[in-house]
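Residue strings, one per chain:
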Amino acid sequence: MQEGESIHGKGIEYKGLTRSFPKDVQERLAPRLDNLPMSGKRVFGCVILVFMLAAMLGIIIYAGVDGIHREYGFGRFLLRFLIIGIGVKAFDIVGLDFFLLTKTHFFQHYLPETEGCAGWQDFGFNRKEQIRQCIMIPACCLVLAGIFTYIK
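Residues numbered from 1 in each chain as written. Predicted model: local features only at pLDDT ≥ 70, side-chain atom pairs only at ≥ 80, totals over all residues. Heavy atoms only, no water.

**Q** What's the story with the nonpolar core in this structure? I'm lost.
**A** Counting 9 residues, the largest nonpolar core consists of A63, Y72, F77, L78, F81, I137, C141, A145 and F148. Every element with two or more residues in this core is listed here: α3 (74–103) and α5 (127–151). Ranked by the residues each element gives to this core, the list is headed by α5, at 4 residues. Apart from the residues lying within four places of it in its own chain, the contact partners of I137 are G85, I86 and K89. Residues F21, V25, L101 and F107 belong to the second largest nonpolar core, which totals 8 residues. (Core = buried A, V, L, I, M, F, W, Y, C linked by side-chain atoms within 4.5 Å. Buried < 20%, exposed > 50% of the residue type's maximum accessible area, 1.4 Å probe, protein only. Helix = DSSP H or I, 4+ residues; strand = E, 2+ residues; numbered from the N terminus. Contact = heavy atoms within 4.5 Å.)

**Q** What am I meant to see in a nonpolar patch on the surface here?
**A** Among the surface-exposed residues, F44, I48, F51 and M52 lie close enough to one another that they form a single nonpolar patch of about 450 Å² accessible area. You can see F44 is positioned in helix α2 (residues 40–69). (Patch = residues over 30% accessible without salt bridge, like charges linked within 9 Å, V, L, I, M, F, W, Y side chains within 5 Å. Areas by Shrake-Rupley, 256 points an atom, 1.4 Å probe, with all protein chains shown as cover. Salt bridge = Lys/Arg side-chain N within 4 Å of Asp/Glu carboxyl O.)

**Q** Just to check I follow, could you spell out unusual backbone geometry for this structure?
**A** A negative phi angle characterises most non-glycine residues, just as the trans form characterises most peptide bonds. With a phi angle near 60 degrees, E71 is a residue other than glycine that sits in the positive phi range. Along the chain, E71 turns up in the loop between α2 and α3.

**Q** What is the right way to read the environment of L79 from this model?
**A** Among the structural elements, L79 can be located in helix α3. Residue L79 is classed as exposed on the basis of its relative accessible area of 52%. Along the sequence, L79 and C141 sit 62 residues apart, while their C-alpha atoms lie 8.4 Å from each other.

**Q** I would appreciate a short explanation of α2 in the present structure.
**A** Two residues of an α-helix separated by three or four positions point the same way, owing to the 3.6 residues in each turn. For α2, spanning 30 residues, the distance from its first C-alpha to its last is 43 Å, which sits close to the expected 44 Å at 1.5 Å a residue. Regarding α2, the residues found buried are A63, G64, D66 and G67. For α2, the secondary structure elements touched by its buried residues are α3 and α5. Backbone geometry just downstream of α2 places E71 in the positive-phi region, at approximately 60 degrees. (Expected span 1.5 Å × (residues − 1).)

This is how it looks when you write it as structure tokens:
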């Protein structure tokens, strides 16, 4: 078995990806994730991450430019950006945190050494981070609405 591989031959190869995992899961993964070499899987994952960030930026720019063409005011821009931001956050909380992390064994398949960790069943393990993001989303939407209203 190679370094960074689980017994199934699959696994997370980048320590930064586990930052959002529960603390007990991070502790179990620490020995495996220290000093991992760069690999094709890791490069592919970085490419996907860059693509997803570019897609989100594209969605924001498209929503703003479309709003300019439709002659939106500040309120309509704000509503549009709030719908996008709250929709993404709702998917994160319900789809990823609640369903994927706590109700399925998706990550335990790829990280078998974390089977039985209590953190996988703790829906509120990252509550402070989620609250911080739920506060930042409307603030960012206000700024974006202001920018695109000013550009218009």
